[in-house]
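Next come the chains, spelled out residue by residue.
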Amino acid sequence: MSKIGFVGLGIMGGPMAGHLVKAGHDVTVYDVNSTAIDKLTTVGATGGGDIAETVRDKDIVITMLPQDEHVEAVFTEVLAHAAEGTLYIDFSTITPRTAEWTYTEGAKRGLRVLDAPVSGGEPGAVNATLSIMVGGSEDDFATATPIFETVGKTFELVGPNGSGQVVKAANQLVVGGTYALIAEAILLMESLGANAEKGLDVLAGGLAGSRILELKRKTMLERSFQPGFRIDLHHKDMGIILAAARQAEVPIPLGAQTAQLIAAARAMGHGSLDHSALLLVAEALAGKGRA
């Protein structure tokens, strides 16, 4: 079992850290929200007084944070306090450039670094069924495999450092576009008198089937948008996608349109809702808004 420092105990990080505790690892946890720390200490984690205490003398340091600036701030502390040879795993969704920066700066201090963003939302974190896309070396990936097996179901080494974030950007591109199209499909069926519930059942069983249709068609029809992954966060991710596309000089016209729909949802005040709330944008564009 490993000595692990885990920073970032939100709706994703909290359950992930809990799985590591239950697996028998010696886990020290830290978050700016003391209640989140207390919740983990009740199941056997050790609460860290600050980031330095959390990451000092650990085999593995893990972060699960909202944005690039949070990763940059915490990783600066990791650079200052983690021991040489520590494996750093960042489960956050950030830009490829920031992931590459953690690798470059970490290597200067003798740290081993993996970027390992995840997909699956809160249910995936709670049920340990996350899909994990990893950038880094084969040796470090092998060392981290027991961690990935504990918190996820699918995990692959997709390339050198930064590649995990590139694949996560592609994931969010597909997810956002799929939600937008399902929203339009629901509105089309409802507006023309078809039974949308039965229609989505048929779609889910055919070539149009997707994980999103499998998990979210019922709540979308009910207009229940309790967040598993908030519009605000997907808006942030679309910014990463557009920046990556610009860097690569790859046109993504459908991605750009999806980014605008997600920005519209946020402008309409739906930022705290699940990203399936793109249905509200489709309704508003059709003059059928309910919110």
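These numbers were taken from a predicted model, which means no experiment stands behind them.

Reading the values: rules and limits
- Along each chain, residues carry numbers from 1 onward, in the same order as the chain's sequence is written.
- In keeping with the predicted nature of the model, local features appear solely for residues at pLDDT of at least 70, side-chain atom pairs appear and are counted solely at 80 or more, and the whole-chain, interface and lining totals rest on all residues.
- Calculated side-chain values reflect all of the structure's heavy atoms, with hydrogen atoms and water omitted.
- Going along the chain from the N terminus, every DSSP run of H or I of four or more residues is numbered as a helix, and every run of E of two or more is numbered as a strand.
- Each radius of gyration is computed over the set of C-alpha atoms, and the globule rule expresses the reference value as 2.2 Å times the number of residues to the power 0.38.
- Three labels apply to residues, based on accessible area from a 1.4 Å probe with only protein chains included: buried if under 20% of the type maximum, exposed if over 50%, partly exposed otherwise in between.
- Residue contacts follow a heavy-atom distance rule, with two residues in contact if any of their heavy atoms lie within 4.5 Å.
- Accessible surface is estimated by sampling points in the Shrake-Rupley manner with a 1.4 Å probe; for residues, cover comes only from the protein chains shown.
- We count Lys and Arg on the positive side and Asp and Glu on the negative side, and we leave His and both chain ends out.
- Charged groups are reduced to one reference atom each: NZ for lysine, CZ for arginine, CG for aspartic acid, CD for glutamic acid.
- Pairs of strands are assigned from DSSP output, requiring at least two bridges between the strands.
- Whether a crossover is right-handed depends on one test, that the path from the first strand over the helix to the second runs clockwise when the strands point away from the viewer.
- Only Phe, Tyr and Trp rings take part, Trp by its six-membered ring, and two of them pair if their centres are within 6.5 Å. Stacked means planes under 30 degrees apart, edge-to-face means over 60, and tilted covers everything else.
- Counted as salt bridges are all cases of a side-chain nitrogen of Lys or Arg within 4 Å of a carboxyl oxygen of Asp or Glu.
- Buriedness for pockets is judged along seven lines, at least five of which must meet protein on both sides within 12 Å for an open set on the 1 Å grid over protein atoms alone, while cavities are sets there where a 1.4 Å probe fits but cannot get out, and lining residues have an atom within 4 Å of a point.
- Grid points are joined across faces, edges and corners, and a volume is the space filled by probe spheres set on the points.
- When residues are grouped by polarity, Ala, Val, Leu, Ile, Met, Phe, Trp, Tyr, Cys and Pro land in nonpolar, Asp, Glu, Lys and Arg in charged, and all others, Gly among them, in polar.

**Some words on the overall build of the protein**
Here's step 1: The secondary structure content of the protein amounts to 13 helices and nine strands.
Here's step 2: What you see for the protein is a C-alpha radius of gyration of 20 Å, in line with the 19 Å of a compact globule of 291 residues.
Here's step 3: Dimensions of the protein, computed from the C-alpha atoms along their principal axes, are close to 65 × 45 × 35 Å.
Here's step 4: Taking all 291 residues of the protein together, 49% fall into the buried category.
Here's step 5: If you take every contact in the protein between residues at least 6 apart in sequence, the share linking residues at least 24 apart comes to 65%.
Here's step 6: Carbon together with sulfur atoms contributes 54% to the accessible area of the protein, which is approximately 13,500 Å² in total.
Here's step 7: Seen as two clouds, the 23 positive and the 33 negative side-chain charges of the protein have centres 6 Å apart.

**Looking at the pairing of strand S2 (residues 26-30)**
In the case of a regular strand, side chains alternate between the two sheet surfaces.
Here's step 1: Burial of S2 is extensive: four of the five residues sit out of reach of the surface.
Here's step 2: Across five bridges, the pairing between strand S1 (residues 3-7) and S2 is parallel. The residue bridging Lys3 from the neighbouring strand is Asp26, located in S2.
Here's step 3: The parallel pair S1 and S2, bridged by helix H1 (residues 13-22), forms a crossover whose chirality is right-handed.

**Section: the packing of aromatic side chains**
Each aromatic ring pair is specified by the distance between its two centres and by the angle formed by the two planes.
Here's step 1: Taken as a whole and judged by the stated rule, the model has six aromatic pairs.
Here's step 2: A ring pair is formed by Phe91 and Phe148, whose centres lie 6.1 Å apart and whose planes are at 70 degrees; its orientation type is edge-to-face. Here Phe91 is found in the loop between strand S5 (87-90) and helix H5 (96-108), whereas its partner Phe148 is found in helix H7 (residues 138-151), with 57 residues between them in sequence. Neither Phe91 nor Phe148 differs from the other in exposure class; each is buried.
Here's step 3: An aromatic cluster of at least three residues, connected via ring pairs, comprises Phe91, Phe141, Phe148 and Phe155.

**Brief notes about unusual backbone geometry**
Here's step 1: Even without a glycine there, the phi angle at Asp57 is positive, about 60 degrees.
Here's step 2: Turning to its location among the elements, Asp57 is positioned in the loop between helix H3 (51-55) and strand S4 (60-63).
Here's step 3: Classification of Asp57 as exposed rests on a relative accessible area of 52%.
Here's step 4: The residue Arg223 is not glycine, and still its phi comes out positive at about 55 degrees.
Here's step 5: Here Arg223 lies in the loop between helix H10 (211-221) and helix H11 (231-248).

**Quick look at the pattern of salt bridges**
Here's step 1: Under the criterion given, the structure shown has 11 salt bridges.
Here's step 2: The partner of Asp201 in a salt bridge is Arg217, and the shortest N-O contact between them spans 2.8 Å. Of this pair, Asp201 sits in helix H9 (residues 196-204) while Arg217 sits in helix H10; the two residues are 16 residues apart in sequence, bridging distant segments of the chain.
Here's step 3: Overall, Asp201 belongs to the partly exposed group, its relative accessible area being 39%.
Here's step 4: For the salt bridge of Lys216 with Asp274, the shortest nitrogen-to-oxygen distance reads 2.8 Å. One end of the pair, Lys216, is in helix H10; the other, Asp274, is in the loop between helix H12 (253-267) and helix H13 (278-285), with 58 residues separating them in the sequence. Both residues of the pair, Lys216 and Asp274, belong to the buried class.
Here's step 5: Counted as one network, the salt bridges with shared partners bring together Glu190, Arg223 and Glu283.

**Quick word on the layout of surface pockets**
Sizing a probe to match a water molecule and rolling it over the atoms shows the empty space that remains.
Here's step 1: Size it by volume and the second largest pocket reaches roughly 340 Å³.
Here's step 2: Around the second largest pocket, the lining is made up of 15 residues, and of these Gly14, Pro15, Gly18, Lys39 and Leu40 lie nearest the centre.
Here's step 3: Looking at which element gives the most residues to the lining of the second largest pocket, the answer is H1, with five residues.
Here's step 4: Partitioning the lining of the second largest pocket into residue classes produces seven nonpolar, five polar and three charged.

**Observations regarding the environment of Val281**
Here's step 1: Locating Val281 in the fold gives a position in helix H13.
Here's step 2: With a relative accessible area of 4%, Val281 lands in the buried category.
Here's step 3: As for Val281 and Met268, which are separated by 13 residues in sequence, their C-alpha atoms are 8.2 Å apart.
Here's step 4: Discounting residues that sit within four places of it in the chain, Val281 has contacts with Leu261, Ala264, Ala265 and Met268.

**Topic: the side chain of Thr258**
Here's step 1: In this structure, Thr258 sits in helix H12.
Here's step 2: Once you skip the residues sitting within four places of it in the chain, Thr258 turns out to touch Gly176, Gly177 and Met238.

**Let's talk about the environment of Thr104**
Here's step 1: Following the sequence through the fold, Thr104 ends up in helix H5.
Here's step 2: Thr104 sits 127 residues away from Ile231 along the chain, and the two C-alpha atoms are 32 Å apart.

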